[in-house]
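# Structural characterization, general
Spelled out from the first residue to the last, the chains are:
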Amino acid sequence: RLAGSELLQKHERLAQEGLRAGERTLAQTNEKLNRQVKIYEMTEAVARVGHWVLYPGESVVHISRGYADIGKLGDVREVPIGDHLERVPEEDRALVKQALKRMDGEIVEHRWRQPGGALIWLRMRMHRQIENGQVKADFAIVQDITAEREAVQAVAEQLTAMQESEARFRSLTELSSD
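Residues numbered from 1 in each chain as written. Predicted model: local features only at pLDDT ≥ 70, side-chain atom pairs only at ≥ 80, totals over all residues. Heavy atoms only, no water.

On to the environment of R123, then. Turning to its location among the elements, R123 is positioned in strand β5 (residues 119-131). In this structure R123 comes out as buried when scored by relative accessible area, which is 19%. Each C-alpha atom, one on R123 and one on I107, is 6.7 Å from the other, the two residues being 16 residues apart in sequence. If near-sequence neighbours (up to four positions away) are discounted, R123 is found in contact with I107, V108, E109, I141, V142, Q143, I145 and E148. Side-chain polar atoms of R123 contact the side chain of E148, separated by 2.7 Å. (Helix = DSSP H or I, 4+ residues; strand = E, 2+ residues; numbered from the N terminus. Buried < 20%, exposed > 50% of the residue type's maximum accessible area, 1.4 Å probe, protein only. Contact = heavy atoms within 4.5 Å. Polar contact = N/O pair within 3.5 Å; in protein donor to acceptor, adjacent residues only side chain to side chain.)

Set out below in structure tokens:
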């Protein structure tokens with residue numbers, strides 16, 4: 001009988017040790033995961049990118065911190081379906097709607113209005129994840145390209161000004177040679 005009691009205590013000790021080891025492993029795994037999430041969030045912030053995910057049957061779109069930062073949406077992590085599209089100016093809406101129907105990874109650039117009214121430029125690549133014929137998720141990577149668009153516009157304006165200046169100079173030199 002004593003041997004049975006000792007055996008039971010030994011099994012309980014082993015079970016407790018196994019439980020503690022499992023808890024330590026879980027804690028270490030959580031720490032690693034939290035570091036990876038932090039690195040991902042930092043990468044989104046530096047690159048000015050974010051993402052959204054829509055799961056079948058859900059009425060909300062899950063957004064990343066990077067997407068919320070780009071959109072000036074605060075700490076929101078879920079938005080109603082259609083919220084993004086409502087903020088797309090009418091001139092760009094058909095393009096975005098077509099890309100949403102296809103969800104084929106095509107890159108789409110369009111304007112988008114932040115809640116405060118500022119109009120920004122976004123580059124978006126949307127994709128549909130299908131496994132065994134079932135849609136698992138629709139998602140997109142979104143990048144703020146406002147600064148890029150503004151720089152291109154500024155260069156275009158400089159080029160136009162230079163061309164106009166050259167044309168004026170040419171007409172002046174032609175007049176003076178007469």
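This model, assessed by the stated rule, comprises one aromatic pair. Taking 6.4 Å as the distance between ring centres and 65° as the angle between the ring planes, the aromatic pair formed by Y67 and W112 counts as edge-to-face. Note that Y67 is positioned in helix α2 (residues 65-71) and W112 in strand β4 (residues 104-113), a separation of 45 residues in sequence. A relative accessible area of 1% places W112 in the buried class. (Phe/Tyr/Trp six-rings, centres within 6.5 Å; stacked < 30°, edge-to-face > 60°.)

We now examine the pairing of strand β1 (residues 49-54). When β1 meets strand β6 (residues 134-144), the two strands line up antiparallel, connected through six bridges. Bridging across to β6, W52 finds its partner in A140. Hairpin geometry of β1 and strand β2 (residues 60-63) is characterised by an intervening segment of five residues between the two adjacent antiparallel strands and by a positive phi of about 85° at G57. (Pairing = 2+ DSSP bridges.)

For β5 and β6, the ladder comprises ten bridges, and the chain directions are antiparallel. Paired with R125 across the strands is I141, a residue of β6.

Let us now look at the sheet that holds strand β3 (residues 78-80). If you trace the six strands from one edge of the open sheet to the other, you get β3-β2-β1-β6-β5-β4, paired in antiparallel fashion. Single-partner strands in this sheet number two, and they are β3 and β4. Each adjacent strand pair in this sheet contributes to an overall mean axis angle of 30°, direction not counted. Relative to β2, β1 runs antiparallel, the two sharing two bridges. Residue W52 lies in a different strand from β2, and its bridge partner there is I63. (Axes fitted to C-alpha atoms, helices over the stretch in contact; angles between N-to-C directions.)

Take the environment of R170 next. With respect to the helices, strands and loops of the structure, R170 is situated in helix α5 (residues 146-176). Residue R170 is classed as partly exposed on the basis of its relative accessible area of 43%. Considered as a pair, R170 and P89 are 81 residues apart in the sequence and their alpha carbons are 42 Å apart.

Core analysis: the largest hydrophobic core is formed by 21 residues, its most contacted members being W52, I63, Y67, W112, M124, M126 and V142. For this core, the secondary structure elements donating two or more residues are β2, α2, α4 (90-102), β4, β5 and β6. No other element matches the four residues that β5 contributes to this core. Setting aside its immediate chain neighbours within four residues, M124 contacts W52, H84, V96, E106, I107, V108, H110, A140, I141 and V142. (Core = buried A, V, L, I, M, F, W, Y, C linked by side-chain atoms within 4.5 Å.)

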